[in-house]
Amino acid sequence: MKQPEDTLVIANKTYTSRLLVGTGKYRDFNETREAIEASGAQIVTIAIRRTNIGQNKDEKNLLDYIPADKYTLLPNTAGCYDAESAVRTCRLARELLDGYDLVKLEVLGDQKTLYPDIPATLEAATILVNEGFKVMVYTNDDPIMAKRFEQLGCVAVMPLAAPIGSGLGIRNPYNIRTIVENASVPILVDAGVGTASDAAIAMELGCDGVLMNTAIAEAKNPVLMASAMKKGIQAGREAYLAGRMPRRAFASASSPIDGTFFGS
Amino acid sequence: MQVTINGKPTTLSGPVSVTDLLRDMNIEGKVAVEINYAILPRSQFNEYQVSNGDVVEIVHAIGGG
């Protein structure tokens, strides 16, 4: 049976890939570019930081390796521990990207867990939505908060599966599933995925996509892992759409019971 | 005159446009600039004169998740 094309829509833009990737922790910009190409990702996160004073003129620029005409660039507010820093970062990002207003909002609570500071994230999201930003928000796996961010006007809600950079996989599939079932905006797992099967599980739970960085960048072979993640995402999505068989406590024979030539 | 650029106290000989400041600092790639916590649009880089006491932030894109 031919399926209609399965696409992801975020802020009125249509994507065929459901894997979103970061650009941090790579050996160099060439490896970054190769891994992104292998991942098939169309949305790529970047960070906003101060330029080095007394900069070397020949210093390479990340944006030369991930051109804005080829990818949707998603600036993040990583490293922000209060609403004001996050809002300033988004305003600078919008200016840097010539008015493009899609942002990944994260306001962190502490350095050990990198868990989101939810009150501060709510405060920043409110300001950013009012200023016309299209906010994809990093949050915890709390279904109530996920709904709150949706109602506030965020264009996508991105619960963590496990702490950022931990690679622990989907720690609370029941909450992720509840968030997905309640949602009317895209739900993307952001953070915690370690390997391709984790990405597949997120997609089997019904997530609209997965955003990851460390799982690819810190693999022994990042380009190969990027390719594995692409397939994990596709396999998980197809399995979700196909609808899995019910779980049973006991066996159910795969071959017909009748018509055997032995026995009576 | 004294200004703060990317968090560092800096002495400049006098008011200077943002375009000239970026050139003097060897910054060529794409950047965004904030003056005293407000965005300075790129269209005003030639016109705006960085003055005594200004707090200047110059940012660019780097790798991140």
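Scroll up a little and you will see the structure.
What you see is a predicted model; the values in this text were computed from it and never measured.

Quick word on the interface of chain A and chain B
So, point 1. In this complex, chain A contributes 27 residues to the contact, which on the side of chain B involves 28 residues.
So, point 2. Carbon and sulfur atoms supply 55% of the area that chain A and chain B bury against each other, a total of about 2600 Å² over both sides.
So, point 3. The interface formed by chain A and chain B contains 4 salt bridges.
So, point 4. Of the charged contacts, one joins D98(A) and R42(B) as a salt bridge, the two residues approaching to 2.7 Å between their closest N and O atoms.
So, point 5. Within the residue set of the side of chain A that touches chain B, elements represented by two or more residues are β4 (43-50), α2 (62-65) and α3 (83-96) of chain A.
So, point 6. Residue classes in the side of chain A that touches chain B are distributed as 8 nonpolar, 10 polar and 9 charged.
So, point 7. Inspection of the sheet shows β4(A) paired to strand β7 (residues 55-63) of chain B by 5 bridges, in the antiparallel sense. Residue I46(A) lies in a different strand from β7(B), and its bridge partner there is G63(B).

Some remarks on the packing of α3(A) against helix α4 (residues 118-130) of chain A
Residues and elements named next belong to chain A.
So, point 1. Remark: α3 packs on α4, axes separated minimally by 8 Å, with the N-to-C direction vectors making an angle of 35°. Helix-helix and strand crossings are classified by hand; for α3 and α4 the assignment is right-handed. Residues A83, A86, V87, C90 and R91 of α3 lie in contact with α4, whose contacting residues are A120, E123, A124, I127 and L128.
So, point 2. Residues that form the contact of α3 with α4 fall into these classes: 8 nonpolar, no polar and 2 charged.

Quick look at the nonpolar core
All names here are of chain A.
So, point 1. Formed by 68 residues in total, the largest nonpolar core has its most connected members in L105, F149, M212 and M229.
So, point 2. Here the element with the most residues in this core is α3; it accounts for 7 residues.
So, point 3. Apart from the residues within four sequence positions on either side, L105 is in contact with T77, A86, T121, A124, A125, L128, V135, M136, V137 and Y138.

Cut-off values and rules
In this numbering scheme, every chain counts its residues from 1 along its sequence in written order. Starting at A for chains and at 1 for ligands, labels are handed out in the order in which the entities are written. Reporting of local features is limited, given that this is a predicted model, to residues whose pLDDT is at least 70; pairs of side-chain atoms are given and counted only at 80 or more, and all residues count toward the totals for whole chains, interfaces and linings. Here the side-chain values reflect all heavy atoms present in the structure, with hydrogen atoms and water set aside. The contact criterion used is simple: two residues touch if any of their non-hydrogen atoms lie within 4.5 Å. As used here, buried area is the combined drop in accessible area, with a 1.4 Å probe, of two parts when they are placed together. The rule for a salt bridge is simple: a side-chain nitrogen of Lys or Arg has to be within 4 Å of a carboxyl oxygen of Asp or Glu. Secondary structure elements follow DSSP: runs of H or I of four or more residues count as helices, runs of E of two or more count as strands, with numbering from the N terminus. In the scheme used here, Gly and all other residues not listed as nonpolar or charged are polar, with Ala, Val, Leu, Ile, Met, Phe, Trp, Tyr, Cys and Pro taken as nonpolar and Asp, Glu, Lys and Arg as charged. Criterion used throughout: strands pair if DSSP finds at least two bridges between them. Every axis in this analysis is a line fitted to C-alpha atoms, fitted for helices over the stretch in contact. Angles between the N-to-C directions lie between 0 and 180 degrees. Two helices that cross are described as forming a left-handed crossing if the nearer one is turned anticlockwise from the farther one by less than a right angle, and a right-handed crossing if clockwise. The criterion is simple. A nonpolar core is a set of buried Ala, Val, Leu, Ile, Met, Phe, Trp, Tyr and Cys residues joined through side-chain atoms within 4.5 Å. Only protein chains enter the accessibility calculation, which uses a 1.4 Å probe; a residue is then buried when its area is under 20% of its type maximum, exposed when over 50%, and partly exposed in between.

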